[in-house]
Amino acid sequence: MKERKIKVFYLSHKRICVLVVFIVIMLSACTKRGNLKEALRLSGENKSQLVGLLESYSTESDSVKLQAAKYVISNLPGHYSYDTTYLCEYRTIWEVREELINDKLEPDERDARLKESWESIKNKYPLGRYIFGKATEDITTINSGFLKRHIDQAYEAYVANPYFDSISTRDFIEHVIPYKTKNGEPFEEWREGFYKRHKRYVDSVYPSPIIPLFDSILHVYKEYKYNTVFKDFPMLKSSDFHLAQRGICEQRCRFNAKLFASLGFPVAVDYVPAWGNRDNSHAWNALLFGGNTYAFESFWDWHRWKYRRIYNNINIDEDWGKFRLPKVFRFKYHSIERGPLLDNRVELSNIPPFFRRAKYEDVSKEYFKCTDVNVALTGEIPENSYYVYLCVWGDNRWKPVQWGEIIHHEVMFKDMGRDIVYLPAIYKNGRIIPVANAFYLDENGKRSNFEYNAEQESVRLSRKSFCKPYFSKWEEGNICGVFRAGNDVSFRESKVVLRINKKLTLNNNIFNLKQPVFTRYIRYELPNKNDVLAELSFYSKDGDRREKLKGKPICSDIRDVEVMEKALDDDFLSFIHLGGLNSEHKKRGHYWVGIDFGKKVNIASIGICPRNDKNNVFAGLRYELYYWNNQWISLGIKKAECNFLEYDNVPQNALLLLKCIDEGRENRIFKYVEGCQKWL
């Protein structure tokens, strides 16, 4: 019988604490439905508790409870619980939060103080020592009374659910019965409280369709917002999310899964480990109902049910652009059937962090059309390598999203998402080692490799990452804006020196005036009530040189000068937030911001930068262009002299990457096609 000791890694603030949790996962016990005999053997002295549970259901006429008990026990191997003795020390942060709310601080200042307090608590009680430093195997400690209460309460909610006929027994057992949604959670009695609070919504909405019911319950928690301040808070109990009312997507997903499970609804936590065409990852919920998957945003959102539409690798969201998913995994109570984690030939350090877990399932086919990709390995294979990973580009690195076993120098990757660039690579001690060409899997599932091409071309580049559709509001938001020069601060005698009559680029747009303007005061009159202005600048001319003019900010209401002077702070990322203006100013409207130069000056040029993400090319910053040929190869560093860059020595049809080396972190791979950057 093969056994494996799994190391669970916890990353603390300044050091890595390695916690060795002796969880025995046997190949025979980690099949999808588990192995009941092996699980009972592993339970040791706790076996009588589990056998007693099975016996308690063996005489019942309804076999569903017995099926549920067998499923829970068979898949207990691999589950563990953290010690929550010191959880109370971390919960003092909720008292700090309440005090800051009562102080009526601005959200940014409140979050900054919260973060400072949270860091102080973690420094006093390091998470790696006080929470993640001790774990026990559920199979040797769980008792029959706890499991029986969970199974009985889940079953009672299930059969009392008026939507019962649309919920399969399998989905009930796999997504309603489990007593936890994540490894590390302690034994918690969470069902009864959730059920009592929300059962009335089910009764009042039925027989309406299921989505209005879910909306009515999700609306109860609409004030629970996304916030990263507590992203590493050990939210091991449901009550902590109630207290925080803030969290990241996965934390809210697990809260929702328990809430709806208490009512007898199977709600899964689905996850993309890395987007195929942008940075980051994401988790959301999925209702399994009537043989369909209804994906929804975990936090309250007016468009929360659009995920099935925008996560199909075809459509494009009108605000956020296209989302391309290489894989969708579903967190499960049971274990995967095979893979590198279950292969004793593979060292744990040679498995990417995401795939060091056993409790997940590939559900990509529920979301989009998939393609099986067979890759012939061309690079040198390191010794003792048995698996290759398909990687996507995101967060400035190649990120593994699927594994395939090496068989006769080839690897098959099952059910891959389309319209995505992939790189086949070996994972060794945190290093990504390419073993074949990067390739693009197009919308139809056709593959084209990126191979080095000696033929070169000239390119003109204006951005280092893609534009989201809603950026158009920023580009167009200053049309009809007016610059007005005056002889005094009241602008009673003034003249228009420039009108914005076209869409702006998302960087500093310089307008040379036909004739220099000799004035002490100048202002910009905003054309609408949207947050679209980032920066203004004014220049004199000395021969061929342009010199920036300085002065004192003035605005349409002196009480709001701190808000309005964001347009004059030499920061292209800050912008005027009109929501921060005083109520009288808002009611009056007619917003303007300008400069008192202290004396009359000659203005030859005016700069205006709309609100932006600073991913356009900005004059004065240095950039480096790379192409991919089994590694990123530099094509040189250039300092931008205007709002674009030109390179003459670029291999044709190459996979390219433009980085700003002075600031910023966002960038995106692209191809240069017919004079344009095609983002991938």
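Residues numbered from 1 in each chain as written. Predicted model: local features only at pLDDT ≥ 70, side-chain atom pairs only at ≥ 80, totals over all residues. Heavy atoms only, no water.

## Let's talk about the overall build of the protein chain
For the protein chain, the helix and strand inventory stands at 18 helices and 33 strands. Taken over the C-alpha atoms alone, the protein chain extends approximately 95 × 65 × 50 Å along its principal axes. Evaluated residue by residue, the protein chain yields a buried proportion of 54% over its 680 residues. Taking all contacts inside the protein chain whose residues are at least 6 apart in sequence as the whole, residues at least 24 apart take part in 70%. Accessible area for the protein chain stands at about 31,600 Å²; split by element, carbon and sulfur atoms hold 47% of it. Looking at the protein chain, you have 104 positive and 89 negative side-chain charges, and the mean spots of the two groups are 1 Å apart. (Helix = DSSP H or I, 4+ residues; strand = E, 2+ residues; numbered from the N terminus. Buried < 20%, exposed > 50% of the residue type's maximum accessible area, 1.4 Å probe, protein only. Contact = heavy atoms within 4.5 Å. Areas by Shrake-Rupley, 256 points an atom, 1.4 Å probe, with all protein chains shown as cover. Lys, Arg positive; Asp, Glu negative; His and termini not counted. Charge placed at Lys NZ, Arg CZ, Asp CG, Glu CD.)

## What to know about the nonpolar core
Core analysis: the biggest nonpolar cluster contains 79 residues, and Y90, F172, L213, F214, F230, F260 and F265 have the highest contact counts within it. Not counting residues up to four positions away in its chain, the partners in contact with F172 are V64, A154, Y155, Y158, I167 and I177. Counting residues in hydrophobic clusters, the runner-up holds 37 residues, among them I351, A438, Y626 and L655. (Core = buried A, V, L, I, M, F, W, Y, C linked by side-chain atoms within 4.5 Å.)

## Re the state of the cysteines
Evaluated as defined, the whole model comprises 0 disulfides. Lacking any disulfide linkage, C467 is separated from the closest cysteine sulfur, that of C609, by 12 Å. For C609, a relative accessible area of 0% corresponds to the buried category. (Disulfide = S-S within 2.5 Å.)

## Notes on the packing of helix α11 (residues 191-205) against helix α12 (residues 210-220)
Remark: α11 packs on α12, axes separated minimally by 9 Å, with the N-to-C direction vectors making an angle of 150°. Crossing of α11 against α12: the hand is right-handed. When α11 is examined against α12, the residues H198, Y201, V202 and V205 are found in contact with a partner set consisting of P212, L213, S216, I217 and V220. Looking at the contact of α11 with α12, its residues break down into 7 nonpolar, 2 polar and no charged. (Axes fitted to C-alpha atoms, helices over the stretch in contact; angles between N-to-C directions. Left-handed = near helix turned anticlockwise from the far one by under 90°. Nonpolar A, V, L, I, M, F, W, Y, C, P; charged D, E, K, R; others polar.)

## A short note on the side chain of E475
Within the fold, E475 resides in helix α16 (residues 471-476). In this structure, E475 is in contact with K503, L504 and L506, ignoring residues within four places of it in sequence.

## Describing the environment of Q652
Secondary-structure assignment places Q652 in the loop between β30 (645-651) and β31 (656-660). The class of Q652 is partly exposed, set by a relative accessible area of 24%. In this structure, the C-alpha to C-alpha distance between Q652 and V459, residues 193 residues apart in sequence, is 9.9 Å. Other than its neighbours up to four places away in sequence, Q652 contacts N453, E455, Q456 and E457.

## Thoughts on a negative patch on the surface
Residues E562, E565, D569 and D571 make up a contiguous surface patch of negative charge. Structurally, E565 is set in the loop between α17 (561-564) and α18 (583-588). (Patch = residues over 30% accessible without salt bridge, like charges linked within 9 Å, V, L, I, M, F, W, Y side chains within 5 Å. Salt bridge = Lys/Arg side-chain N within 4 Å of Asp/Glu carboxyl O.)

## A few points about the pattern of salt bridges
Applying the stated criterion across every chain, the model contains 46 salt bridges. With a closest N to O distance of 3.0 Å, D372 and K414 form a salt bridge. Of this pair, D372 sits in strand β12 (residues 371-376) while K414 is found in strand β15 (residues 410-416), placing the two residues 42 residues apart along the sequence. K548 serves as the salt-bridge partner of D570, at 2.4 Å between the closest nitrogen and oxygen. Placement of D570 in the loop between α17 and α18 and of K548 in strand β25 (residues 545-548) is noted, with a sequence separation of 22 residues between them. Beyond isolated ion pairs, a larger network of salt bridges with shared partners links R170, E174, K332 and E361.

## Observations concerning the sheet that holds strand β8 (residues 282-289)
Here we have 5 strands laid out as an open sheet, ordered β9-β8-β7-β10-β11, and antiparallel in their pairing. Each end of this open sheet is capped by a strand with a single partner; those strands are β9 (292-296) and β11 (360-362). Ignoring which end each strand starts from, the neighbouring axes of this sheet average 35° apart. Where β8 meets β9, 5 bridges bridge the pair, whose relative direction is antiparallel. When the bridges of β9 are listed, F289 appears paired with N292. Of the strands in this sheet, β7 (267-272), β8, β9 and β10 (329-331) touch helix α14 (residues 249-261), which is tilted by about 20° from β8. (Pairing = 2+ DSSP bridges.)

## Re the packing of aromatic side chains
The final tally for this structure, using the stated rule, is 68 aromatic pairs. Where W398 meets W628, the ring centres are 5.4 Å apart and the plane angle is 65°; that geometry is what we call edge-to-face. With W398 in strand β14 (residues 397-407) and W628 in strand β28 (residues 622-628), this pair connects stretches of sequence that are 230 residues apart. Among the aromatic residues, those joined into a cluster by ring pairs are Y86, Y90, W94, W118, Y125, Y130, F230 and F233. We note K638 situated over the ring of Y647; from NZ or CZ to the ring centre the distance is 4.6 Å. Taking NZ or CZ as reference, K659 lies 5.8 Å from the ring centre of Y626, over its face. (Phe/Tyr/Trp six-rings, centres within 6.5 Å; stacked < 30°, edge-to-face > 60°. Lys NZ or Arg CZ within 6 Å of the ring centre and 35° of its normal.)

## Topic: the side chain of Q251
Examined against the element boundaries, Q251 turns out to sit in helix α14. Those residues in contact with Q251, other than ones at most four positions away along the chain, are F230, K231, F233, M235 and F241.

## What about α12?
Three or more residues of α12 are buried, namely I210, L213, F214, D215, I217 and L218. On its buried side, α12 packs onto α11, α14, β7, β8 and β9.

## Some thoughts on unusual backbone geometry
With an omega of 10°, the peptide bond between Y206 and P207 qualifies as cis. In the Ramachandran plot, N280 falls in the positive-phi region, its phi being about 75° despite a non-glycine side chain. Looking at the secondary structure, you find N280 in the loop between β7 and β8. Its identity is not glycine, yet C480 carries a phi of approximately 85°, on the positive side. Mapped onto the elements, C480 comes out in the loop between α16 and β21 (482-486).

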